[in-house]
Amino acid sequence: MMEKKDFKTYRQETKEMIYDNHLALCKGCGLCIEYCPVKCIKFHETNRGHFGSPAINADLDICTKCRMCERICPDGAIHIKIKELKEKK
Ligand code: SF4
Ligand code: SF4
């Protein structure tokens, strides 16, 4: 019997954004790491992606929300949601 892998989505969240790395899709190619203009993505220490290679971890304190990583990922493994902030009156 084939072993069933239980992939999850690694979600990071701040007041301003949600940053999802879909582990079933991430193959650990490192393109997002290479293309992030502020170099705030690293390989994750423990999360593993589709081929058992390291998945990713973004430092959202540094992230500028440019969405380059989301666009460059060949496997659609990153999904970013920018939250609409309510204006203070
Ligand atoms: S998120 Fe996409 S670009 Fe980044 S390592 Fe995974 S597969 Fe590659
Ligand atoms: S949104 Fe831009 S700054 Fe943030 S992790 Fe992705 S590439 Fe880097």
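Residues numbered from 1 in each chain as written. Chains lettered and ligands numbered in written order. Predicted model: local features only at pLDDT ≥ 70, side-chain atom pairs only at ≥ 80, totals over all residues.

As annotated in an unreviewed UniProt entry, the protein carries the name 4Fe-4S ferredoxin.

By nearness alone, 14 residues border ligand 1, and Cys-26, Cys-29, Leu-31, Cys-32 and Cys-73 come closest of all. Among the residues making up the shell around ligand 1, the classes are represented as 8 nonpolar, 4 polar and 2 charged. (Near = placed C-beta within 6 Å. Nonpolar A, V, L, I, M, F, W, Y, C, P; charged D, E, K, R; others polar.)

Here we take up the site of ligand 2. Close to ligand 2 lie 13 residues, the nearest being Cys-36, Cys-63, Cys-66, Met-68 and Cys-69. In terms of residue class, the shell around ligand 2 is built from 10 nonpolar, 1 polar and 2 charged.

Before going further, it helps to spend a moment on unusual backbone geometry. If you check the backbone angles, Lys-65 has positive phi at about 60 degrees while not being a glycine. Locating Lys-65 in the fold gives a position in the loop between β4 (54-58) and α2 (68-72). With 13 C-beta atoms packed within 10 Å, Lys-65 lands in the partly exposed category. Backbone geometry places Arg-67, a non-glycine residue, at a positive phi of 70 degrees. Note on placement: Arg-67 falls in the loop between β4 and α2. (Helix = DSSP H or I, 4+ residues; strand = E, 2+ residues; numbered from the N terminus. Buried ≥ 20, exposed ≤ 12 C-beta atoms within 10 Å, placed from the backbone.)

Another aspect to go through is the nonpolar core. Counting residues in hydrophobic clusters, the biggest one holds 15 residues, and the most contacted among them are Cys-32, Ile-41, Ile-56 and Cys-69. In terms of residues, this core owes the most to one element, β4, which gives 3 residues. Excluding residues within four positions of it along the chain, Ile-41 makes contact with Cys-32, Ile-33, Cys-36, Ile-56, Ala-58 and Cys-69. (Core = buried A, V, L, I, M, F, W, Y, C linked by C-beta atoms within 7 Å. Contact = placed C-beta atoms within 7 Å.)

Taken together, 3 strands build an open sheet; the order of strands is β1-β2-β5 and the sheet is antiparallel. Each edge of the open sheet is held by one strand with a lone partner, namely β1 (9-13) and β5 (78-82). If you compare each strand with its neighbour and ignore which way they point, the axes differ by 15 degrees on average. Of the strand pairs in this sheet, strand β2 (residues 17-22) and β5 are connected by 5 bridges, and their pairing is antiparallel. Each bridged residue has a counterpart across the sheet, and for Met-17 the counterpart in β5 is Ile-82. (Pairing = 2+ DSSP bridges. Axes fitted to C-alpha atoms, helices over the stretch in contact; angles between N-to-C directions.)

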